[in-house]
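# Chains, contacts and geometry: an overview
Residues per chain are reported as follows:
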Amino acid sequence: MNAKTAHLMRWWFIFIACLAPLPYIVYRLVVNNLGAEPAKALVEFLGETSLIVLFVTLAVTPLSKFKMLPSFVKYRRMLGLWVFFYASLHLLSYGMFLVDWRNFIEDLYQRPYVIVGALAFLILLVLAVTSPRAAIKKLGKKWKRLHRWVYLATFLVVVHVYWQLRADYFEALVYFTFFVALMSFRLDVLLAWKSKVINK
Amino acid sequence: MLIKIRSSLDIASSEITSESAYLNRRKFLSLSAAAGATSLLPSSSLFASADASAFQNLPSVNYAPGEKITPYETASTYNNFYEFGTGKSDPAKYAHEMTTKPWSVVVNGLTDKPGTYNLEDVLKGLELEERVYRFRCVEAWSMVIPWVGFSLSALLNKFQPSPSAKYVRFETLNRPEEMRGVRSFTSSIDWPYVEGLRMDEAMHPLTMMVVGMYGKELPNQNGAPLRLIVPWKYGFKSIKSIARISFSETRPRTSWEKAGPSEYGFYSNVNPNVDHPRWSQKTERRLPNSLFSPNRIDTLMFNGYEEQVASLYAGMDLKKNY
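Note that the structure is a prediction, hence the values are computed from the model and not measured.

Procedures and definitions
- Residues numbered from 1 in each chain as written.
- Chains lettered and ligands numbered in written order.
- Predicted model: local features only at pLDDT ≥ 70, side-chain atom pairs only at ≥ 80, totals over all residues.
- Heavy atoms only, no water.
- Helix = DSSP H or I, 4+ residues; strand = E, 2+ residues; numbered from the N terminus.
- Buried < 20%, exposed > 50% of the residue type's maximum accessible area, 1.4 Å probe, protein only.
- pLDDT = per-residue confidence, 0-100.
- Contact = heavy atoms within 4.5 Å.
- Expected span 1.5 Å × (residues − 1).
- Phe/Tyr/Trp six-rings, centres within 6.5 Å; stacked < 30°, edge-to-face > 60°.
- Lys NZ or Arg CZ within 6 Å of the ring centre and 35° of its normal.
- Buried area = accessible area lost by both parts, 1.4 Å probe.
- Salt bridge = Lys/Arg side-chain N within 4 Å of Asp/Glu carboxyl O.
- Polar contact = N/O pair within 3.5 Å; in protein donor to acceptor, adjacent residues only side chain to side chain.
- Nonpolar A, V, L, I, M, F, W, Y, C, P; charged D, E, K, R; others polar.
- Pairing = 2+ DSSP bridges.
- Axes fitted to C-alpha atoms, helices over the stretch in contact; angles between N-to-C directions.
- Patch = residues over 30% accessible without salt bridge, like charges linked within 9 Å, V, L, I, M, F, W, Y side chains within 5 Å.
- Areas by Shrake-Rupley, 256 points an atom, 1.4 Å probe, with all protein chains shown as cover.
- Lys, Arg positive; Asp, Glu negative; His and termini not counted.
- Charge placed at Lys NZ, Arg CZ, Asp CG, Glu CD.
- Parallel < 35°, antiparallel > 145°, perpendicular 65-115°, else oblique.
- Left-handed = near helix turned anticlockwise from the far one by under 90°.

## Some words on unusual backbone geometry
Residues and elements named next belong to chain B. With an omega dihedral of 0°, the bond running from A224 to P225 counts as a cis peptide bond. Of note, P225 is situated in the loop between β9 (216–217) and β10 (227–229). Omega for the peptide link from L287 to P288 comes to 0°, which places this bond in the cis form. Structurally, P288 can be placed in the loop between β12 (283–286) and β13 (296–298). Although it is not a glycine, S241 sits at a positive phi angle of roughly 40°. By the secondary structure assignment, S241 is in the loop between β10 and β11 (242–248). The class for S241 is buried, based on a relative accessible area of 0%.

## Re the confidence of the model for chain B
All names here are of chain B. Looking at chain B as a whole, the pLDDT averages 87, with 84% of positions reaching at least 70. Per-residue pLDDT stays below 50 along residues 1–19; that stretch engages in 16 contacts with residues further than four places along the chain or on separate chains. Segment residues 28–50: pLDDT under 50, and 27 contacts once partners within four positions in sequence are set aside and those in other chains are kept. Across the predicted assembly, pTM comes out at 0.82 and ipTM at 0.78.

## Here's the deal with helix α4 (residues 76–98) of chain A
Working note: α-helix, 3.6 residues per turn, so residues spaced by three or four point in the same direction. Residue and element names in this part refer to chain A. For α4, spanning 23 residues, the distance from its first C-alpha to its last is 32 Å, which sits close to the expected 33 Å at 1.5 Å a residue. Those residues of α4 not exposed but buried are M78, L79, W82, V83, F84, Y86, A87, S93, G95 and F97. Elements in contact with the buried residues of α4: α1 (3–19), α2 (21–30), α3 (38–63) and α6 (112–129).

## Description of the packing of aromatic side chains
Across all of its chains, the model carries 32 aromatic pairs over all chains by this definition. Summarising the aromatic geometry, the rings of Y78(B) and W141(B) are spaced 5.1 Å apart at their centres and angled 85° between planes, so their arrangement reads as edge-to-face. In this pair, Y78(B) is assigned in the loop between α3 (72–75) and α4 (90–94) and W141(B) in strand β5 (residues 141–151), connecting sequence segments 63 residues apart. On the accessibility criterion, Y78(B) (8% relative accessible area) is buried. Where F81(B) meets F84(B), the ring centres are 4.9 Å apart and the plane angle is 90°; that geometry is what we call edge-to-face. Per residue, the accessibility class of F81(B) equals that of F84(B), and both read buried. The structure contains a cluster of three or more aromatic residues connected by ring pairs, namely W11(A), W12(A), F15(A), W82(A), F85(A) and Y86(A). Seen from the ring of Y94(B), R180(B) lies directly overhead, with NZ or CZ sitting 3.7 Å from the centre. Sitting above the plane of the F266(B) ring, K237(B) keeps its charged end 4.3 Å from the centroid.

## Some points on the interface of chain B and chain A
Residue-level contacts link 34 residues of chain B with 27 residues of chain A. Buried area between chain B and chain A, both sides added, is near 2400 Å², and the carbon and sulfur share of it is 49%. If you sort the residues of chain B by the area they bury against chain A, T186(B), R278(B) and L291(B) come out on top, with a joint share of 29%. Counting the contacts that link chain B with chain A gives 1 salt bridge. We note a salt bridge from R285(B) to E37(A), for which the minimum N-O separation is 2.6 Å. One can count 10 residue pairs in polar contact (both at pLDDT 80 or more) joining chain B with chain A. Partitioning the side of chain B that touches chain A into residue classes produces 15 nonpolar, 12 polar and 7 charged.

## Re the sheet that holds strand β6 (residues 167–172) of chain B
Residue and element names in this part refer to chain B. The strand order across the open sheet built from 5 strands is β3-β2-β11-β6-β7, with neighbouring strands paired in mixed fashion. Two strands bound the open sheet, and with one partner strand each, they are β3 (115–118) and β7 (194–198). Strand-to-strand twist of the sheet, defined as the mean angle between neighbouring strand axes without regard to direction, takes the value 20°. Sheet analysis places strand β2 (residues 104–109) next to β11, joined by 4 bridges and oriented parallel. What sits directly across from N108, in β11, is S246.

## Brief notes about a positive patch on the surface
All names here are of chain A. Taken together, the side chains of K65, K67, R76, K144 and R148 make up a positively charged region of the molecular surface. Structurally, K67 can be placed in the loop between α3 and α4. A relative accessible area of 72% places K67 in the exposed class.

## Some thoughts on the packing of α6(A) against helix α9 (residues 149–162) of chain A
Residues and elements named next belong to chain A. In the contact formed by α6 and α9, the axes pass within 8 Å of each other and the chain directions differ by 155°. Put simply, α6 runs roughly antiparallel to α9. Between α6 and α9 lies a crossing of left-handed hand. Within the contact between the two elements, α6 uses Y113, V116, G117, L119, A120, I123, L124 and L127 and α9 uses W149, V150, L152, A153, L156, V157, V159 and H160. Split by residue class, the contact of α6 with α9 holds 14 nonpolar, 2 polar and no charged.

Below, the structure written as structure tokens:
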């Protein structure tokens, strides 16, 4: 198998794996298998999917340090766009099916988790818009700095989840652990980079 | 005072039992009969009469006239019972791990008859009846459910609480080996689950002790074998799978008061004018709903039982006593 075929296969594998949650949830919706509050189940599923793909995206760089693994850095942009795709569907379905527009402003005031989620989405939007090659070229060095905002977005999403919990923090703990693990890796990189600069 | 309330309720109930509610009831009865026929195990029923018919053909009063009864499927699969996990479908998945037969209830505190009672003895001599109540969760969803049980007052009177008893405290079974939510190390609830009522709330004729719903025994996820229903309070007050009843002079501290004192008060009466700190309580989603119709309806003061219960709180600031 030559390199090109391998690349194509990986590309399609990631594409299909990332697409799969969509027909899955639509199917459950159609056969009425989402329980008493299908809209809520749908919105939660889309949000969770987005966050999981986000963690996978963030794991790409650390994993690429293991030389025995095939590098997935090439597919990081696609993964990031899937994050944005599910986050958009999450927000869209929330707006269409869940929001009580009669009490929207009041609700917003009472639900800071919505604001935190919206901020995270804004960051993802900026990152998605600046993801094409042309934008990378144009932004030059600024691009990397801009795209580090993904860590802030991730943190906001974890807070978004945490602020909705009522009695059991297991889910938030899992997400927070992932976040800290990924961040600690980035700190590592950051320190290495710093010492390199100083040694010069 | 109590007699007066009861008589006003009786008049209302005979007027409001609509034909559609009656027909609905017929449907449930035939459904539950079908369920009974397919069940494999001869149920060792809680009741001396020892068969499922103990829950059927009971006198029935509709306290939610003109409202559609929630399908059994919804009421038995969409539950909050954190002893079995915090997901809405967790209790239906895992509550069967709880042993409900045999069941005993500890009665203690300011009572003339403290002791540990078998459920059969607790229930002896109590007449079952069916009542259709609105059920409003603090999370802003609601259902309409036909419960089977009796007035809590009838049960409490059996235990002869002393006149100094001002409050009654309830405890859910605490059996970690059968309850995965209790085993969870990330839970912020201090088990066992504790709820409580002021004595006059407990003795109010609308307050109900429940052993069944939809003409059959309570499923475990709905709080088998013995649960409380206080229809004018948020659902979490209606404690499930009760293993202890205590009478006291001081106000018990409830689990949710401990877990979130600013969010959940002792009274927790349904009140559209007092919002939960994290969401509005003005409206509710009547379940089941669908994608394009959230089924949002206005929340009623005291869940629509204002006429019957408002006098319990006369002169109280309900914003402070949330």
